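Chains, contacts and geometry: an overview
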Amino acid sequence: MRAEHPKLEAGLAALGIDVRSGTSLSELTSLGIGGTTDLLRITKHDSIPELIGLLEHHDIPYKFLGGGSNLLVGDGELPWVILQLAKPDPEIVLEGNFAHVDAAADLGRTVTFCAKHDLGGMEGLIGVPGTVGGALRMNAGAYGMQIGSYVREVKLYRAAERKIEILKGNQISFEYRHTSFGPDDMMLAVTLELPSKPFKEILQGIRICNEKRRSSQPLGQKSAGCIFKNPPGASAGRMIDELGLKGLSVGDAKVSDRHANFFVNAGQASAKDLLTLISDVRGRVENAFGVKLENEVVVWNA
Ligand code: EPU
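Residues numbered from 1 in each chain as written. Predicted model: local features only at pLDDT ≥ 70, side-chain atom pairs only at ≥ 80, totals over all residues. Heavy atoms only, no water.

Our next topic: the site of the ligand. Every one of the 20 residues lining the ligand counts as a neighbour, but Y176, C226, N230, R238 and E296 are closest to it. C226 places a main-chain nitrogen or oxygen 2.7 Å from an oxygen atom of the ligand. K246 places a side-chain nitrogen or oxygen 3.3 Å from an oxygen atom of the ligand. About the coverage of the ligand: the protein hides 72% of its 810 Å² of free accessible area. Of all the secondary structure elements, the ones that give two or more residues to the shell around the ligand are strand 15 (222–226) and helix 6 (236–242). A per-element tally of the shell around the ligand places helix 6 first, with three residues. Classifying every residue of the shell around the ligand gives seven nonpolar, seven polar and six charged. (Near = heavy atom within 4 Å. Polar contact = N/O pair within 3.5 Å; in protein donor to acceptor, adjacent residues only side chain to side chain. Areas by Shrake-Rupley, 256 points an atom, 1.4 Å probe, with all protein chains shown as cover. Helix = DSSP H or I, 4+ residues; strand = E, 2+ residues; numbered from the N terminus. Nonpolar A, V, L, I, M, F, W, Y, C, P; charged D, E, K, R; others polar.)

Set out below in structure tokens:
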């Protein structure tokens with residue numbers, strides 16, 4: 001999809017939108033998969049309601065992209081433009097035990113920045129790729145913690161209301177890899193309240209989580225993290241492994257040899273390859289265990 005109408009281009013320029021024509025989503029996703037479209041980078045949160053109005057006026061469908069680390073995007077020319085927040089400077093402002101963080105900030109860098117200022121609690125999230133906004137939207141978690149536990153306030157673009165709103169932490173429900181945000185809401189900024197902890201102690205926790213992750217997950221390979229959510233009381237990775245499916249492949253899409261709930265792009269995999277592999281593995285798990293695995297990865301297929 002191209003944002004090419006002269007009036008639209010003028011409107012985008014007036015809103016300070018940085019348009020990157022013909023961007024390949026394979027360069028913006030950790031799976032390294034995805035077709036081409038125009039990327040619209042937002043430099044001012046306040047421009048979003050007007051931007052959405054402008055796109056709708058010109059019949060241009062759109063999607064919000066975070067860090068692209070839990071996302072499988074379809075192949076070829078994509079039927080929507082992509083909206084993404086540009087990173088502000090600074091991304092994080094500390095105020096006592098509160099960290100005010102822009103949604104575009106890198107999650108890992110946020111964890112280490114807070115740690116250096118003796119603010120802990122998020123050690124488990126250190127190796128989780130992506131932005132703070134992406135982590136917030138899906139309540140990312142690992143090693144017994146989840147980001148939602150620390151959220152005190154969220155600034156977001158509420159798609160249903162067509163405006164920017166501030167929600168208190170207790171107005172949002174955070175569950176396992178799920179939140180009460182609407183599907184088209186766009187995370188803009190968050191205030192986290194973090195426990196005071198000496199940097200050295202936080203570093204120790206970070207090292208332990210890093211070690212656990214390195215020993216069980218294919219970190220150097222292109223993936224979207226875990227493909228399926230764990231069903232209640234069970235591990236999707238263990239089930240897939242028990243069926244002997246590590247190494248199963250469709251084209252260059254492959255079930256990781258290291259962790260069976262990670263599917264990797266081992267070369268030039270297409271979205272079609274990945275989707276076929278996902279549906280094959282889901283079918284086999286359902287036949288063997290009677291459990292229909294739910295996607296954790298978000299799929300944007302044309
Ligand atoms: N297991 C196997 N074979 C495998 C993978 C796992 O037998 O190929 C076994 C492990 O030995 C272990 C059990 O299954 O006994 C659970 O494995 P693991 O500790 O790796 O945890 P997981 O349930 O597979 C979850 C999250 C990860 C998170 C880790 C650590 C989900 C879907 N996955 O994985 O999150 O990093 O715990 O807390 O909730 C993600 O969400 O993308 C993700 C990677």
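Let us look at the sheet that holds strand 10 (residues 151–158). Judged by pairing direction, the sheet is antiparallel, and its five strands sit side by side in the order 6-7-14-10-11 without closing on themselves. Each end of this open sheet is capped by a strand with a single partner; those strands are strand 6 (92–95) and strand 11 (163–168). Within the sheet, the average angular offset between the axes of one strand and its neighbour, ignoring direction, is 15 degrees. As paired strands, strand 10 and strand 14 (residues 186–193) are joined by six bridges and run antiparallel to one another. Note that in strand 14 the partner of L156 across the bridge is M187. Lying over the sheet, helix 2 (residues 48–57) contacts strand 10, strand 11 and strand 14, oriented at roughly 30 degrees with respect to strand 10. Sheet strands touched by helix 3 (residues 107–116): strand 6 and strand 7 (98–102). Its angle to strand 6, the strand with the most contacts, is close to 30 degrees. (Pairing = 2+ DSSP bridges. Axes fitted to C-alpha atoms, helices over the stretch in contact; angles between N-to-C directions. Contact = heavy atoms within 4.5 Å.)

The end-to-end C-alpha separation of helix 5 (residues 199–216) is 26 Å, in line with the 26 Å expected for 18 residues at 1.5 Å each. In this structure, the buried side of helix 5 is in contact with helix 3 and strand 8 (141–142). (Expected span 1.5 Å × (residues − 1).)

Okay, helix 1 (residues 6–14) next. Every buried residue of helix 1 is accounted for by L8, G11 and L12. An end-on view of helix 1 places all buried positions within 100 degrees of arc, on one side of the element. When the buried face of helix 1 is taken as reference, the exposed residues oriented beyond 90 degrees from it are P6, K7, A13 and A14. At the exit of helix 1 stands G16, carrying a positive phi of roughly 75 degrees. (Buried < 20%, exposed > 50% of the residue type's maximum accessible area, 1.4 Å probe, protein only. Arc of directions from axis to C-beta.)

By themselves, these are just geometric observations and shouldn't be taken as functional.
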